[in-house]
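Breakdown of the fold
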Amino acid sequence: MKEPKFIAFSTQKGGAGKTTLTVLVASYLHYVKGLNVGIVDCDYPQFSISDMRSRDEENIKEDESLAKQCVELYKKIGKRAYPIVESRPEQAMELAMTMMKQQDFDIIFFDLPGTLNNKGAVSTIAHMDYVFCPITADRVVAQSSLTFANLINDKLITTGKTNIKGFYFIWNMVDAREKTPLYDVYERIIHEMGLSALETEIPDSKRFRREADKEGKRPMFRSTMFPPDRTLIKGSCVKELTDEILDIIKL
């Protein structure tokens, strides 16, 4: 049985973009880069990624054009859509092991709940190989992300009770026209914590919320069944983000 990398885009503040980043990176790696990925959606009880898959499947079922695109894509890449399973945080690793017995994966992503108060969440995140924490130049979000990093560091990394080989911040929703002093302040704090942020910064753009419509007339960006549209991916830094992550995890 192949041993995949376990990766989580995780933070304890809603709206930082962890679920969107999980889907975009997973879809780009699976449909464009040729890696085999899976997702364990343990963001109980909303299961946002699983719900996204349901919307994708419904749109494909109702639109012949999307259905045709789907068939052509999977024929071209020689595989189907990546699996997504729902799980409570405390059962996530057990379900991941079941997935691994059924097929080989290069990466399994975990969409974790936005709190470490759940004992199962702490146990699951301790099994991750790499954790990427979205952070934005919003004082509330930034402070929450830093607090989350401190908890991971104090409870897991410094105690040696974890498999985590790397913890990295990702600057998300960056507006280059309005870069505030907060970036420099928090970059300094991150450095003082002994951590680092990825070089790739994800811009603030409405394209990150664009899913398939039921008429299939506009290009989609965020989907569990398709890669991000080629025209929309330009300037999104999704390619650069995935390349940097692959370099870190050595895949």
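Definitions and limits used
- Residues numbered from 1 in each chain as written.
- Predicted model: local features only at pLDDT ≥ 70, side-chain atom pairs only at ≥ 80, totals over all residues.
- Heavy atoms only, no water.
- Helix = DSSP H or I, 4+ residues; strand = E, 2+ residues; numbered from the N terminus.
- Rg over C-alpha atoms; globule rule 2.2 N^0.38 Å.
- Buried < 20%, exposed > 50% of the residue type's maximum accessible area, 1.4 Å probe, protein only.
- Contact = heavy atoms within 4.5 Å.
- Lys, Arg positive; Asp, Glu negative; His and termini not counted.
- Charge placed at Lys NZ, Arg CZ, Asp CG, Glu CD.
- Core = buried A, V, L, I, M, F, W, Y, C linked by side-chain atoms within 4.5 Å.
- pLDDT = per-residue confidence, 0-100.
- Phe/Tyr/Trp six-rings, centres within 6.5 Å; stacked < 30°, edge-to-face > 60°.
- Expected span 1.5 Å × (residues − 1).
- Polar contact = N/O pair within 3.5 Å; in protein donor to acceptor, adjacent residues only side chain to side chain.

**With respect to the overall build of the protein chain**
Scanning the protein chain from terminus to terminus reveals nine helices and seven strands. Radius of gyration (C-alpha) of the protein chain: 18 Å, near the 18 Å computed for a compact globule of 251 residues. Expressed as lengths along the three principal axes of its C-alpha atoms, the size of the protein chain is roughly 55 × 45 × 35 Å. Considering the protein chain as a whole, with its 251 residues, one finds that 53% of them fall into the buried category. Of all intrachain contacts in the protein chain linking residues separated by at least 6 positions in sequence, the fraction that spans at least 24 positions is 79%. Side chains of the protein chain carry 35 positive and 36 negative charges; the gap between the two charge centres is 2 Å.

**Focus on the nonpolar core**
Counting 44 residues, the largest nonpolar core has Phe109 and Phe132 as its most contacted members. Aside from chain neighbours lying at most four places away, what touches phenylalanine 132 is Ile7, Ala8, Phe9, Ser10, Tyr168, Ile170, Leu198, Ile245 and Ile248. One finds Ala8, Val40, Ile125 and Ala149 within the second-largest nonpolar core, a separate group that totals 36 residues.

**Remarks on the confidence of the model for the protein chain**
Mean pLDDT over the protein chain: 90, with 95% of residues reaching 70 or higher. Mean pLDDT values over the elements of the protein chain span from 84, in helix 5 (residues 119–126), up to 98, in strand 2 (residues 37–41).

**Focus on the packing of aromatic side chains**
Working definition: an aromatic ring pair is given by the centre-to-centre distance plus the angle between the planes. As enumerated under the stated definition, the model contains eleven aromatic pairs in all. Look at phenylalanine 6 and phenylalanine 110: their rings are 5.4 Å apart centre to centre, the planes differ by 80 degrees, and that puts the pair in the edge-to-face class. With phenylalanine 6 in strand 1 (residues 5–9) and phenylalanine 110 in strand 4 (residues 107–111), this residue pair connects regions lying 104 residues apart in the sequence. Accessibility expressed as a relative area gives 8% for phenylalanine 6, which makes it buried. Both rings, one in tyrosine 31 and one in tyrosine 82, keep their centres 5.7 Å apart while their planes meet at 35 degrees; by these two values the pair is tilted. Remark: tyrosine 82 occurs in the loop between helix 3 (64–77) and strand 3 (84–86) and tyrosine 31 occurs in helix 1 (residues 18–32); sequence separation between them is 51 residues.

**Some details on helix 6 (residues 139–157)**
Its 19 residues give helix 6 an end-to-end C-alpha distance of 25 Å, which sits within 8% of 27 Å, the value for a rise of 1.5 Å per residue. For helix 6, every residue scored as buried is listed here: Val141, Ala142, Ser144, Ser145, Leu146, Phe148, Ala149, Ile152 and Leu156. Near the N-terminus of helix 6, the side chain that reaches the backbone nitrogen of valine 140, with its oxygen 2.9 Å away, is that of aspartate 138.

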